[in-house]
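# Understanding the architecture of this molecule
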Amino acid sequence: MIGIFDSGLGGLSVMRAIRERLPAADLLYLADSAYCPYGPRPIDEIRDRALACGRWLVDHGAHIVVIACNTATAAAVELLRRTLPVPVVGMEPGVKPAVAATRRGKVAVLATSGTIASERFRSLVHAYAADVEVYPLACPDLVEQVEAGELTSEHTRSLILKHLASAPEADVLVLGCTHFPPLKPLIETCVEPGVVIIDTSPAVAAQTARIAQQINHPSESGNIRCVTTGDPAQIAPALHRVWGAPLPLSGVQIEATDVIIK
Ligand code: DGL
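Here goes a summary of the coordinates provided. (Residues numbered from 1 in each chain as written. Predicted model: local features only at pLDDT ≥ 70, side-chain atom pairs only at ≥ 80, totals over all residues. Heavy atoms only, no water.)

### A word on the pattern of salt bridges
Counting across every chain of the model gives 11 salt bridges. The residue Arg 104 makes a salt bridge to Glu 192 at a minimum N-O spacing of 3.3 Å. You can see Arg 104 sitting in the loop between helix 4 (95-101) and strand 5 (106-111) and its partner Glu 192 sitting in the loop between helix 9 (184-188) and strand 8 (196-199), a full 88 residues away along the chain. Exposure remark for Glu 192: the relative accessible area of 42% places this residue in the partly exposed category. A salt bridge links Lys 162 to Asp 141; the shortest N-O distance between them is 2.8 Å. Taken as a pair, Lys 162 in helix 8 (residues 154-164) and Asp 141 in helix 7 (residues 140-147) lie far apart in primary sequence, 21 residues in all. We classify Lys 162 as partly exposed; its relative accessible area is 46%. Each of Glu 78, Glu 92 and Arg 120 takes part in salt bridges that share partners, so that together they form one network. (Salt bridge = Lys/Arg side-chain N within 4 Å of Asp/Glu carboxyl O. Helix = DSSP H or I, 4+ residues; strand = E, 2+ residues; numbered from the N terminus. Buried < 20%, exposed > 50% of the residue type's maximum accessible area, 1.4 Å probe, protein only.)

In short, shape yes, function no, at least from these values alone.
The following block contains the structure:
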């Protein structure tokens, strides 16, 4: 079984890509909705939640843990790799492919404030985008829109336009938060033709598949189960909209780990 977690519904975009790659794997998706959004939280709190979620997934049978969240990866991937007894897959905004794709030398990265402020993001830009202008755009309101299942509304569109106005010349947009791929069709209506939109979910799924092969992950029945630390009745309609079909969802309580490990 592959365990996947995010602060909320964003990681479903990663689960979709994993599902396409590994249709026979059982998937357990954990939405830490009671603590969503992660983006504006202090780094120690994000680490604590990420560790609690990772441990919960392992305790419930995950052979691989996928951090389907750029913010949690930036804050906690090393911690989880040190602490959990199974392989951990993380993710980061697709700055490297964006630099390869830009013709104007201008790239916008839509992400959370946590990702943008992180040391990992700084090093990523330093390593791959030194000769390119990078516009980091913190878009917490778009996370809220996806959590509300508002993938096509005029209000969501106006928020996208407001953010993109800060980087009018960018010809590549990086979806640096897993909440944003479900907004891709709407984002496409907000940009000029020819603007490239980069989503790293397929790369995360490819890495998950490589690890599954390395550990001889068994072929299973392709079951999907979703749990949330929030209120399942409240979350189910948006989950249905983001996934495109109903999925079984139940509630769980996951206490923070008692010790904050730095
Ligand atoms: N989906 C998350 C990410 O990829 C975080 C959104 C949030 O909780 O702020 O960064």
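Continuing now.
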